[in-house]
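# Chain and residue survey
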Amino acid sequence: MEKACAVQESSEIKTSSSTADRSALCSDATAETKDREENSKLSLICWNVDGLDGEKQPERARGLCSYLMSHSPDVVFLQELIQPYIRFMKKRLEANYTFIEGGNEGYFIGMMLKKSRITLLHSELVTYPSSRMMRNLIVAQVLFKGQKLCLMTSHLESCKANAGERMRQLRLVMKRMTEAPDDVTVLFGGDTNLRDSEVVKVGLPSCVCDVWERLGEPEECHYTWDAHVNTNRDFQFKCRLRFDRLYLRRAANDDVPQVEPDSMALIGLEKLQCGCYISDHWGIYCTFSTE
């Protein structure tokens, strides 16, 4: 009887062990698949960092670098950069990122590309002829896992009174996006300062989509500039607007993998120890599937 029990017990142990092994293998395979999927996604941060605000600049610059290092995005679009910010960031991030700057005086735009994931082929700086605020557009031709991408960032003309110039700049951006070759995916991001009514007047080309809208207009990502919550600036009249936007034009060729928006979140929502937020704008963190 004892022998029978021993045999039965041994059999149960083997079965249990075999089941555990299979579970472990399945778990490893699932984790491997998830890692592969995450690795194939393109990640991006777009942020007006408000370098013009002199309040707590060193602390805010450190906070920005901490965000970039913790999220480790493939692509970074930045607006309202100043030279002290660029110098500070390069000391900490230049080993891993290629920097493209839209200027070297006053405030300007910039782009960062992760060297291990993004290959820069060519970049150019496009001027807005009638801008009175030194605004321009960075256009970068890159490869991501062998796929051709055209990346663009800009800071469109500020202030409500400059709607006409801002719309002219948006038309130029849309023209550049639609004129890209059919085997290229185009992604634009920046502080557009746009009001919804201005976008309606200009009209988006049928091949271009607003990424926030494409993702179902998530309310938690609606307002990227929110003076009701963000206390970096003390405005008498407080409002909330979606100044910061991402636009996507997929490659038209059928044999090119399609890039699709996957997720979006606002970042920089927590105050730093110094009592300030990193910027008066929230940043946008977005991922795209590329298969």
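One can find the structure itself at the top, above this paragraph.
Scope of this entry: the structure provided in the associated data block. (Residues numbered from 1 in each chain as written. Predicted model: local features only at pLDDT ≥ 70, side-chain atom pairs only at ≥ 80, totals over all residues. Heavy atoms only, no water.)

Moving on to the overall build of the protein chain. Check the secondary structure of the protein chain and you find 6 helices and 14 strands. When burial is assessed residue by residue, the protein chain has 49% of its 291 residues classed as buried. Here the analysis covers contacts within the protein chain between residues at least 6 apart in sequence; of these, 71% occur between residues at least 24 apart. Only carbon and sulfur atoms are counted for the fraction: they give 51% of the accessible area of the protein chain, which is about 14,700 Å². (Helix = DSSP H or I, 4+ residues; strand = E, 2+ residues; numbered from the N terminus. Buried < 20%, exposed > 50% of the residue type's maximum accessible area, 1.4 Å probe, protein only. Contact = heavy atoms within 4.5 Å. Areas by Shrake-Rupley, 256 points an atom, 1.4 Å probe, with all protein chains shown as cover.)

Where charged atoms of side chains with opposite charge meet at close range, the side chains can pair. The tally for this structure, following the rule as stated, stands at 15 salt bridges. In this structure, the salt-bridge partner of Arg233 is Asp50, at a minimum N-O distance of 2.8 Å. Separated by 183 residues along the polypeptide, Arg233 in the loop between strand 10 (225–226) and strand 11 (240–241) and Asp50 in the loop between strand 1 (42–48) and helix 2 (57–71) bring together distant segments of the chain. Its salt-bridge partner being Lys114, residue Asp74 comes within 4.0 Å of it at the nearest N-O pair. Here Asp74 is found in the loop between helix 2 and strand 2 (75–81), whereas its partner Lys114 is found in strand 4 (residues 108–114), with 40 residues between them in sequence. (Salt bridge = Lys/Arg side-chain N within 4 Å of Asp/Glu carboxyl O.)

The next subject is the packing of aromatic side chains. Applying the stated criterion to the full structure yields 5 aromatic pairs. Geometrically, the ring pair formed by Trp47 and Tyr67 is edge-to-face, given 5.6 Å between the ring centres and 85° between the ring planes. Note that Trp47 is positioned in strand 1 and Tyr67 in helix 2, a separation of 20 residues in sequence. The exposure class of Tyr67 is buried, given its relative accessible area of 15%. Ring geometry for Phe188 against Tyr247: centres 6.2 Å apart, planes inclined by 20°, an arrangement best described as stacked. Note that Phe188 is positioned in strand 8 (residues 185–191) and Tyr247 in strand 12 (residues 244–249), a separation of 59 residues in sequence. According to the relative accessible area criterion, Tyr247 is buried, its value standing at 0%. Counting every residue linked through ring pairs, the aromatic cluster contains Trp225, Phe235 and Phe243. Here the basic side chain of Arg92 rests over the ring of Phe88, its NZ or CZ set 3.5 Å away from the ring centre. Stacked on the ring of Phe144, the Lys or Arg Lys145 has its end atom at 5.9 Å from the ring centre. (Phe/Tyr/Trp six-rings, centres within 6.5 Å; stacked < 30°, edge-to-face > 60°. Lys NZ or Arg CZ within 6 Å of the ring centre and 35° of its normal.)

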